[in-house]
Amino acid sequence: MMKQMILFDENSENQFKKICVELEKKDLRPHYKPKHKLSTEKSKLVIQKMINEVDITYKPTNEVYKMYKDVCEKMKIGFMTQIGFSKYITNHYDFMIVDKKSKGIKFRIFVKSSK
């Protein structure tokens, strides 16, 4: 059985590429091996920029995490684990994670919480 993937639309991908370029322009890349705390702060900036500019609502958590991780790797900064990433978003932003099932395949998505 092949796993169905829900991918970002082209507009979201383009927005995310712009985020990468903007962060590169601001030179948030460290010029030395990153210390954990510094790396975490820069990683949080990537998340903040992503939340503000890319609509992650109803997107699978693993796809959002992959985008985040790709940016961090490109910028050579440390990144959170997938569980830590999801917890950070739900604790600091107005999102919750909901289990969904489509064609017998279970996945998790980010949904705006109704606080």
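Keep in mind that what you see is a predicted model, and the values were worked out from it rather than measured.

Caption draft 1: Inspection of the pattern of salt bridges at higher detail. Per the stated rule, a full pass over the model turns up 4 salt bridges. Lysine 49 serves as the salt-bridge partner of glutamate 53, at 2.8 Å between the closest nitrogen and oxygen. With a gap of 4 residues between them, glutamate 53 and lysine 49 both fall in helix α2 (residues 36–53), about one helical turn apart. On the basis of relative accessibility, which here comes to 15%, the residue lysine 49 falls in the buried class. Notably, a salt bridge pairs aspartate 70 with lysine 66, separated by 3.2 Å at the nearest N-O pair. Taken together, the residues span about one helical turn, with aspartate 70 and lysine 66 both in helix α3 (residues 61–75) at a distance of 4 residues. Taking relative accessible area as the criterion, aspartate 70 reaches 37% and is therefore assigned partly exposed. Under the relative-accessibility criterion, lysine 66 is labelled partly exposed at 47%.

Caption draft 2: Expanded view of α3. Here α3 spans 21 Å end to end across 15 residues, near enough to the 21 Å set by a 1.5 Å rise per residue. Lysine 76 lies just past α3 and shows a positive phi near 60°.

The rules behind the values
Residues numbered from 1 in each chain as written. Predicted model: local features only at pLDDT ≥ 70, side-chain atom pairs only at ≥ 80, totals over all residues. Heavy atoms only, no water. Salt bridge = Lys/Arg side-chain N within 4 Å of Asp/Glu carboxyl O. Helix = DSSP H or I, 4+ residues; strand = E, 2+ residues; numbered from the N terminus. Buried < 20%, exposed > 50% of the residue type's maximum accessible area, 1.4 Å probe, protein only. Expected span 1.5 Å × (residues − 1).

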